[in-house]
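Structure at a glance
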Amino acid sequence: MFPERILTDRLRLDRHDAAVNPLAFYEHAGAGRSGTVAEECEFLSWQPHRHPKESHDVLEGFREGWEERESAAYAVFPREGEAGAGEYAGNTGLHLDWEKRTGTLGIWLRKPFWGRGYSGERALALAELAFARLDLELLAVSVFPENEQSVRAIEKYVDRMGGRREGRLRNEIVPDGEDPRDVLRFSVSQAEWRDSVGDGAVARFVENLDE
């Protein structure tokens, strides 16, 4: 159902559980392994991994979500010509609520890859997956209001797709070990996306990582 690889102009998105092993994942997501991961997680709902088994368990969750057709998690790699080409830059995903015909976007990018517009580029690619391939009705994304940099990025790509800022949802998310927190929610409908960018494909779907 999900392509194992998605190619955009500057990025390669590969099925995460098949592309990155637990120890390699832990090198970047583990507490004390990467000097920037604590900063990267400041506005995320998860904390740096405490040990390699936690990285293993997260990958298992990615695999189960993929096989159950409930979520598609991808590892992000810059393509040739980009600084850090071929290096693991983080991950992104699309969570599916089939009853509501809604997909929800998520992303974690490592700090060396901030400020390049990668978040918007992969969002447009996953919107194409959600609407053109999976025929979902709605694509949503939520962000902590304090994360001003991400709010600006989301506003930019949601506006490009014809979507809207829905508003502030109070006590919507309970991050690991924290109190409930508010989020800002944005959404794009399939009709809005088709009117804005649906005729111009931005991604190429590859069914198998070996292709």
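That block above? That's the structure.
Report on the accompanying structure. (Residues numbered from 1 in each chain as written. Predicted model: local features only at pLDDT ≥ 70, side-chain atom pairs only at ≥ 80, totals over all residues. Heavy atoms only, no water.)

1. Focus on the packing of aromatic side chains
Selection rule: Aromatic pairing here means that ring centres of Phe, Tyr or Trp (its six-membered ring) are within 6.5 Å. Orientation follows from the plane angle: under 30 degrees is stacked, over 60 is edge-to-face, and everything else is tilted. Going along the chain from the N terminus, every DSSP run of H or I of four or more residues is numbered as a helix, and every run of E of two or more is numbered as a strand. Exposure is judged per residue with a 1.4 Å probe applied to protein chains only, and the accessible area is read against the type maximum: over 50% gives exposed, under 20% gives buried, and values in between give partly exposed. Two limits define a charge over a ring: the Lys NZ or Arg CZ must be within 6 Å of the ring centre, and within 35 degrees of the ring normal.
Enumeration according to the criterion identifies 9 aromatic pairs in this entry. When the centroid spacing of 6.3 Å and the interplanar angle of 80 degrees are considered together, the rings of phenylalanine 25 and tyrosine 88 count as edge-to-face. On the criterion of sequence distance, the pair formed by phenylalanine 25 in helix 2 (residues 22-29) and tyrosine 88 in the loop between strand 3 (71-78) and strand 4 (90-97) is long-range, its members being 63 residues apart. There is no split in this pair, since phenylalanine 25 and tyrosine 88 are both buried. In this structure an aromatic cluster arises from ring pairing among Phe25, Trp46, Phe62, Phe77, Tyr88 and Trp108. Its end group placed over the ring of phenylalanine 144, arginine 181 keeps NZ or CZ at 3.8 Å from the ring centre.

2. A closer look at the pairing of strand 6 (residues 138-143)
Defined as follows: Any two strands are treated as partners once DSSP identifies two or more bridges connecting them.
For strand 5 (residues 102-109) and strand 6, the ladder comprises 3 bridges, and the chain directions are parallel. Within strand 6, the position partnered with glycine 103 by the bridge is leucine 139. Here strand 6 runs beside strand 8 (residues 181-189); their pairing, made up of 6 bridges, is antiparallel. In the sheet register, valine 141 faces strand 8, and the bridge partner there is phenylalanine 186.

Any link to function would need more than the numbers given here.
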